[in-house]
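Residues per chain are reported as follows:
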Amino acid sequence: MFVNKKVKNLEPYIPGYQPNLDDENLIKLNANENPFPPSPKVINAIKNLDFNKLKFYPQSRSDILRKVISTIYNVQEDEVFCGNGSDEIISLIYKVFLAVGNKIVIPYPTYTLYKTVADINGIECIFSNVNEDFTININSLLSNSMDADALIIVNPNAPTGIILSKQQIIEILNNFNGLVIIDEAYIDFSETDESMIHFINQYRNLIVLRTFSKSYSLCGARVGYCFSNNETIGYLDKCKDSYNLNFLSQQVAIAAIKDQEYQKNNVRKIIENRKYLTNELITIGFKVIPSQTNFLLCTPSFDKTAYGIYQKLITFNIFVRYFNSYMLDDKLRITIGTKKEIDELLSALKTIVHE
Ligand SMILES: Cc1ncc(COP(=O)(O)O)c(C=O)c1O
């Protein structure tokens, strides 16, 4: 069978392992999901759904959802785009604004899907290594970007959890004229406001990506959104699939974003748990990178390997993330869970350390 050569040689994106979710004792800290359920208003929206509406196509532009998002973020409706998870929007942005042979620059390490989608589309992907302390090296990012068509920054970055300040992003924007994508998937968990949403008209080459997966506990609904000037959003609309966001997900996302109080309360609990887990991991003997996200990247500084600990945790029915890749293979990425999940993780780790 004919297969596109790019696809034949493709290294696919590997998501975190999905164990059996019906297992009540499972502790799943490997995919940066939110440990709290979606807002009760989401559950009500599903219960009160007019199922008859499922026989119709959904709003093709998710108009109501866009309107609610634009009100909450104080932007114009035509400056918002909604898609089937931010993953879909990432692919669409490449399709619309990049072409075979173009070049993008991303820090290394970062969310690896950006490289995979570049490979699928025949786009050259240049990695710009982070500093030894895992902070993004802005000078090398900019010097690697001299002839690039796009620059992508996940802020705060994954899997490091480190955030760049607004000022640092502005410095990048002032020195790079190609497309700049700032992926703010985790920014709701930051203690300072570094969001670039309100710079979309000042910098017309800027797209800011967001998702309902993380702070709104809706990974399963697959809803992402992005902000940019109305011309850029218009091009995304032109090229999207006709009905790219299904009816159920639109309803669920509308209910979730309207319940800001619930989202903010969960974010506050996750930040508290992050502080607790950071301190406890340090006490056990891990080096922990201070994080502004819902996960921690940590290195065991005792005589056990990260991979060994990862495997051992599975025997306790605890799943964390291990990356067998450059700069990361001595580390574990642990999603911030509930206090109970964290205590079970800590108890398992203490047993493993003393084995
Ligand atoms: C940085 C980053 N961007 C985007 C995504 C994908 O988000 P979504 O669930 O909206 O596709 C992830 C998922 O983990 C992520 O880590």
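Along each chain, numbering runs from 1 in the same order as the chain's sequence is written. With pLDDT at 70 or above as the cut-off, local features in this predicted model cover only qualifying residues; side-chain atom pairs require 80 or more to be listed or tallied, and sums for whole chains, interfaces and linings still use all residues. By convention in this description, side-chain values take in all heavy atoms of the structure and omit both hydrogens and water.

(A) Molecular detail of the sheet that holds strand S8 (residues 224–227). The seven strands are arranged S2-S8-S7-S6-S5-S3-S4 in an open sheet whose pairing can be described as mixed. Sheet topology places strand S2 (80–83) and strand S4 (124–129) at the edges, where each strand pairs with a single neighbour. Here the average twist between neighbouring strands, direction ignored, is 20°. One bridge is not enough; two strands pair if DSSP finds at least two bridges between them. Secondary structure elements are defined from DSSP: runs of H or I of at least 4 residues count as helices, runs of E of at least 2 residues count as strands, and each element is numbered from the N terminus. Bridging between strand S5 (residues 150–154) and strand S6 (residues 179–183) involves five bridges; their strand directions are parallel. Working convention: axes come from line fits to C-alpha atoms, limited for helices to the stretch in contact. Angles between N-to-C directions cover 0 to 180 degrees.

(B) A look at the packing of helix H2 (residues 40–47) against helix H9 (residues 247–258). Running from amino to carboxyl end, H2 crosses H9 at an angle of 145°, the nearest separation of the two axes being 8 Å. Considering the relative orientation of H2 and H9, their crossing is right-handed. Two secondary-structure elements touch here, H2 through Lys41, Val42, Ala45 and Ile46 and H9 through Gln251, Val252, Ala255 and Ala256. Ten residues, namely Ala, Val, Leu, Ile, Met, Phe, Trp, Tyr, Cys and Pro, are considered nonpolar, four, namely Asp, Glu, Lys and Arg, are considered charged, and the remaining ones, Gly among them, are considered polar. Broken down by class, the residue content of the contact of H2 with H9 amounts to six nonpolar, one polar and one charged. The handedness criterion is simple: a crossing whose near helix is rotated anticlockwise from the far helix by less than a right angle is left-handed, and one whose near helix is rotated clockwise is right-handed. Contacts are assigned to residue pairs with any non-hydrogen atoms lying within 4.5 Å of each other.

(C) Structural view of the sheet that holds strand S9 (residues 286–288). An order of S9-S10-S12 is seen for the three strands of this open sheet, with the pairing classed as antiparallel. Two strands close off the open sheet at either side, each with one partner strand: S9 and strand S12 (332–335). For this sheet the average axis-to-axis angle between neighbouring strands, irrespective of direction, equals 35°. Here S9 runs beside strand S10 (residues 295–300); their pairing, made up of three bridges, is antiparallel.

(D) Region of the structure containing the pairing of S5. With five of five residues buried, S5 is to be regarded as a mostly interior element. Here the term buried applies to any residue with accessible area under 20% of the maximum for its type, exposed to any over 50%, and partly exposed to those in between, with areas from a 1.4 Å probe on protein chains only. Here S5 shows two buried faces, one formed by Ala150, Ile152 and Val154 and the other by Leu151 and Ile153. Examined bridge by bridge, strand S3 (residues 103–108) and S5 share two bridges and lie parallel to one another. What sits directly across from Ile104, in S5, is Ala150. A clockwise course of the path from the first strand over the helix to the second, judged with the strands pointing away from the viewer, identifies a crossover as right-handed. Each parallel crossover has a hand, and for S5 linked through helix H7 (residues 166–174) to S6 it is right-handed.

Keep in mind these numbers describe shape, not what the thing actually does.
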